[in-house]
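# Survey of secondary and tertiary structure
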Amino acid sequence: MEQDTAQPGSIRPGGRTARVREAVLRVAGDLLAERGFATLDLAEVAARAEVGKTTVYRRWRTPAGLVADLLVEMAETSLPHSDTGSLLGDLRANAELVAKTLTDPRQGRLFRAVIAAATTDDGTAAALHRFYDIRLTEWSPVIEAAIARGEVPPGTDARAVLSAVSAPLYYRLLASGDPIDAAAVDAAATAAAEAARAGVFTRG
């Protein structure tokens, strides 16, 4: 049974509790993709997930708590980092994963909703930061491997390189509206790899 003092997403449930969490998070993601964060209502989530309203309020407490757990689940179930044997290959794999997520009809809308909410809701912003911290940590070994192979200088900031890959893709999603296509993926990966090799992301 969940402890009332637990933070949303801090419990790794099993059995029926896991099924309840899965159903609730699936519905929450659907509603975020459909309507955005502003109208996310715990009672509606409970009804659509066919879960007791008390259970949802006790476990997640607020819409921001629900989004926090959704982002934890998304980060933990995302694909692990690549190991192609080259910096460019690994960064291209990373860019392809980001692009696939952002162009997915459901996931793309969901991320737009969460990012929009994060600009006005501190809880959602913190959850989004944790999501990207998990993903950057997962993919940092590809930069460490590139350092070991001598492809990039020692001291290269892995998080900065990976951020440089995804940033232009998110810009297309949120600002320019330009297509997130194969050319955009290749350009993002190539630019980040070339900059890394040139020492642009070397700390100090």
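Our subject is the structure listed above.
Residues numbered from 1 in each chain as written. Predicted model: local features only at pLDDT ≥ 70, side-chain atom pairs only at ≥ 80, totals over all residues. Heavy atoms only, no water.

## Description of the pattern of salt bridges
In this structure the tally under the stated criterion is 12 salt bridges. Linking Asp 30 and Arg 106 is a salt bridge whose minimum nitrogen-to-oxygen distance equals 2.7 Å. Taken together, the positions of Asp 30 in helix H1 (residues 15–35) and Arg 106 in helix H6 (residues 105–118) put the pair 76 residues apart, joining distant regions of the chain. For Asp 30, a relative accessible area of 25% corresponds to the partly exposed category. (Salt bridge = Lys/Arg side-chain N within 4 Å of Asp/Glu carboxyl O. Helix = DSSP H or I, 4+ residues; strand = E, 2+ residues; numbered from the N terminus. Buried < 20%, exposed > 50% of the residue type's maximum accessible area, 1.4 Å probe, protein only.)

## Examining the packing of helix H5 (residues 87–103) against helix H9 (residues 182–197)
The angle between the axes and the distance between the axes are what describe a pair of packed helices. Orientation of H5 relative to H9, taken along the N-to-C sense of each, is 140 degrees, at an axis distance of 8 Å. Comparing their axes, H9 and H5 come out oblique. Seen along the crossing, H5 lies across H9 with a hand that is right-handed. For the pair formed by H5 and H9, the contact residues are Leu 87, Leu 88, Leu 91, Arg 92, Ala 95, Glu 96 and Ala 99 on the first element and Val 185, Asp 186, Ala 189, Thr 190, Ala 192, Ala 193, Ala 196 and Arg 197 on the second. (Axes fitted to C-alpha atoms, helices over the stretch in contact; angles between N-to-C directions. Parallel < 35°, antiparallel > 145°, perpendicular 65-115°, else oblique. Left-handed = near helix turned anticlockwise from the far one by under 90°. Contact = heavy atoms within 4.5 Å.)

## Comments concerning the environment of Ala 43
Within the element layout of this structure, Ala 43 appears in helix H2 (residues 42–49). Remark: the alpha-carbon pair of Ala 43 and His 129, spanning 86 residues in sequence, is separated by 26 Å. The residues contacting Ala 43, other than those within four sequence positions of it, are Lys 53 and Tyr 57.

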